[in-house]
Amino acid sequence: MPERQSTTRPADGTAGPDPTPGEESAGLSTAPAEEEAAAPGSGGGSFGGVRAPGLRGSLAWTGREIAGWSRWFWRQLTSMRVALLLLFLLALASIPGSLIPQDSVNAAVAADFRERNEGLTAVYERLQLFEVYSSVWFSAIYLLLFVSLIGCIVPRTWQFVGQLRGRPPRAPRRLTRMPAYTTWRTGTEPERVLDAAQRALGRRRFRRVRAETSVAAEKGYLREAGNLLFHVALVVMLVAFAAGQLYRTEGGKLIVEGDGFTNTLTQYDDFQSGPLFDVNELERFSFDLDEFHASFAREGPDMGTPREFRADITYWQEGQEGEQASIEVNHPLTVGDAKIYLIGHGFAPVVTVTDGQGETAFTGAVPFLPQDNALTSTGVIKVADYRDENGEWDQLGFSGFFNPTFRLDSERGPHSTFPDPDFPVLTLNAYQGSLGLDSGLAQSVYQLETRNMEQLRDEDGEPLRENLAPGDTWELPDGKGSLVFEGYERWASFQVSTPAANGWALIGSLAAVAGLAGSLLIQRRRVWVRAVAAPEGHTVVELASLGRTESSRIPEELGELADDLLPDAPVLRDPDPDPDRVTDPAAVRDAGDESGADADPAADPAPARNPAPDAARVPAPGRAPGTQPADSPEGAA
């Protein structure tokens, strides 16, 4: 750690003599230099000072070291620099979660990524990149940011409470040093001027303190309140985010027209929940998909653009009769604490497969998954209970495309050119063998495992492929049976979620915006009004303003205040002015002002190195006639 020199101060506050080079001590030791020099090898540390001999000395030194390092770490953690760094790291850490498939969002996509990127998978799993938001390193950043915000809020809150209980500082000795200043003479008595100033400042919602010859006022305390509100809102959002992850549920279900769903764990295609959520508390309801409606633009530059997606359902809650409802994109259905979202749609070809013995081996609608905006869809048909031409038990598999508006070319092969079923065609390949359903391994219903299957071929040895329109029959070779394309149904996929703490997250985000706006737009400023009786018999009025931040509004506000005072303290016009006589406001003030203890040293800044232009120091149009900038030699004429 860098060396640090310590300078001792006597009790009266005056600085003592500077240490000589030989007296400098290394590290952050608080022990006197001569003590360390007298005990070489005694083990002085960064915070522990001189280590006394023996076990007791070692324990005391270790305790001081631990306490010192703990205070240093706490100061660093609660500093604004570290808080901003943690916010940046949190945003940076969220990037992998949006680029790499997450197990908690879509396990199927994450599994497909692992299969296609075997080399990266080991690295990503070691770094927990498939579970970013529940990883150790993301949680560490999250918790450190939480602690940092708490550590910033508590002391600043006490400081703000002290400011609210405090009084505006009294007028400094020399108001001419303030960034905005004006003065004039009036025939009104000083008491009346100060009374009028108090009323004018009160109308502008300033906090006011009356002294013998001046009024001090301050405004803009809500700036710090907005800053604190912003920090508290961030904490609320972090807590809401954590609660949402701990208590949330989210599941997906694909339903073909005419089928239904019951909100139980076994009915979901995929399901995730927070570690503190009890699955026995799932909302009790069920619903049927009566009909799905989809329409698309058929002309113009937006051809093929969706116009309407709507799922008409009938749903039941426990102990209630069925109700009709429609679910549209971004318009979910709320049932109790659960929300049902419409997230996708597609087509499910209806097929009937007859085995080699003439018996029906499979019949039903099989959902195919869309691959593009024209709903070119892929899928598989698995026939597990099948007898071949010899009566032996076997299995069949079919894979291919369903194209709502079929087109075939040499580049893309079979594909769809429009999402509506204007010319529906089902294109299939056939396989025979083991589907791998008895292996005990999980298998996707949308993929066909062909490692233990043989593709059926025609007489020329080419793989069999058949394009089927609704109502067509495909006769499999060698008496293996047939497949009939009966038609198609529409399907819709739904997401059923039980959000947690969303209301708190919304409140926190709105409060953060309000607090940030307050901390940026509200300005903390002070105003002083002094009225002193001059020896000539008139009253010298001085107004000055000081802002905590630079703003053109400060001199404008002072000018408006001067306009408010003019009716009660009109400018005194000299009928026969003497150009050789100049009334010095400082001399008048020193003759009639309160004692120097009345001034607030903190509010009396040193002369500015780069004084503001005269126009910035004089009130806006409407100032008292005859007033001049504080820097002008005629300022008090």
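Source: prediction; values computed, not measured.

1. Digging into the sheet that holds strand S2 (residues 207-210)
Pairing is antiparallel in the open sheet, where five strands are placed in the order S1-S24-S23-S3-S2. The sheet terminates laterally at strand S1 (180-186) and S2, the two strands that pair on one side only. On average, adjacent strands in this sheet sit at an angle of 15° to one another, irrespective of strand direction. The sheet contact formed by S2 and strand S3 (residues 214-219) spans four bridges and is antiparallel. For Arg210, the partnering residue across the bridge sits in S3 and is Val215. Sheet contacts for helix H8 (residues 190-203): S1, S2, S3, strand S23 (525-533) and strand S24 (539-547); angle to S23, the most-contacted strand, approximately 165°.

2. Re the sheet that holds strand S7 (residues 285-296)
As summarised here, the arrangement of the four strands in space is S5-S7-S8-S9, forming an open sheet in which the pairing is antiparallel. Looking at the sheet topology across the chains shown, the edges are occupied by strand S5 (260-262) and strand S9 (323-328). Each neighbouring strand pair of the sheet contributes to a mean axis angle of 30°, computed without reference to strand direction. When S7 meets strand S8 (residues 306-317), the two strands line up antiparallel, connected through 11 bridges. Directly across from Ser286, in S8, lies its bridge partner Trp316.

3. Some remarks on the packing of aromatic side chains
Under the criterion given, the structure shown has 20 aromatic pairs. Arranged with centres 6.4 Å apart and planes meeting at 75°, the rings of Phe296 and Phe418 form a pair that is edge-to-face. Of this pair, Phe296 sits in strand S7 while Phe418 sits in the loop between strand S17 (413-416) and strand S18 (425-433); the two residues are 122 residues apart in sequence, bridging distant segments of the chain. Across the pair, Phe418 and Phe296 agree in class, each one buried. Through a chain of ring-to-ring contacts, the aromatic side chains of Phe261, Tyr268, Phe271, Phe287 and Phe494 assemble into a single cluster. Geometry around Trp61 places Arg51 over its ring, the cationic atom sitting 3.8 Å from the centre. Over the aromatic face of Tyr221 sits the side chain of Arg207, whose NZ or CZ is 4.2 Å from the ring centroid.

4. Here we look at the packing of helix H9 (residues 222-247) against helix H10 (residues 502-521)
The geometry of H9 relative to H10 is characterised by a closest axis approach of 7 Å and an angle of 155° between their N-to-C directions. Judged by the angle between their axes, H9 and H10 are roughly antiparallel. Like other packed secondary-structure pairs, H9 and H10 cross with a definite hand, here left-handed. Facing Arg223, Gly226, Asn227, Leu229, Phe230, Ala233, Val236, Met237 and Ala240 of H9, the residues of H10 in contact are Trp504, Ala505, Gly508, Ser509, Ala511, Ala512, Ala514, Gly515, Leu516, Gly518, Ser519 and Leu520. Each residue belonging to the contact of H9 with H10 can be placed in one class, and the counts come to 13 nonpolar, seven polar and one charged.

5. Some remarks on unusual backbone geometry
One can expect most non-glycine residues to show negative phi and most peptide bonds to be in trans. Even without a glycine there, the phi angle at Gln128 is positive, about 60°. Its identity as a non-glycine residue notwithstanding, Asn330 has a phi of 65°, on the positive side. Position of Asn330 relative to the elements: it lies in the loop between S9 and strand S10 (333-335). Under the relative-accessibility criterion, Asn330 is labelled exposed at 68%.

Definitions and limits used
Sequence positions are assigned chain by chain, starting from 1 and proceeding in written order. Confidence filtering applies because this is a predicted model: local features only for residues at pLDDT of at least 70, side-chain atom pairs given and counted only at 80 or more, and all residues used for totals across whole chains, interfaces and linings. Side-chain calculation: all heavy atoms of the structure are included, whereas hydrogens and water are not. Between any two strands, at least two bridges found by DSSP are needed for them to pair. Numbered from the N terminus, helices here are DSSP runs of H or I no shorter than four residues, and strands are runs of E no shorter than two. For helices, the fitted line uses only the C-alpha atoms of the stretch in contact; every axis is such a line through C-alpha atoms, and the angle between N-to-C directions lies from 0 to 180 degrees. Note on contacts: a residue pair is in contact if any heavy atoms of the two residues lie within 4.5 Å. We call Phe, Tyr and Trp rings a pair once their centres come within 6.5 Å, taking the six-membered ring for Trp, and we label the pair stacked below 30 degrees between planes, edge-to-face above 60, and tilted otherwise. Partly exposed describes any residue whose relative accessible area lies between the buried limit of under 20% and the exposed limit of over 50%, with all areas from a 1.4 Å probe on protein chains only and scaled to the type maximum. A positively charged side chain is recorded as over a ring if its NZ (Lys) or CZ (Arg) lies within 6 Å of the ring centre. The angle to the ring normal must also be within 35 degrees. By the definition adopted for this analysis, an angle is roughly parallel if under 35 degrees, roughly antiparallel if over 145, roughly perpendicular if from 65 to 115, and oblique otherwise. Crossings are assigned a handedness: left-handed for a near helix turned anticlockwise from the far helix by less than a right angle, right-handed for a clockwise turn. Residues are grouped as follows: Ala, Val, Leu, Ile, Met, Phe, Trp, Tyr, Cys and Pro are nonpolar; Asp, Glu, Lys and Arg are charged; every other residue, Gly included, is polar.

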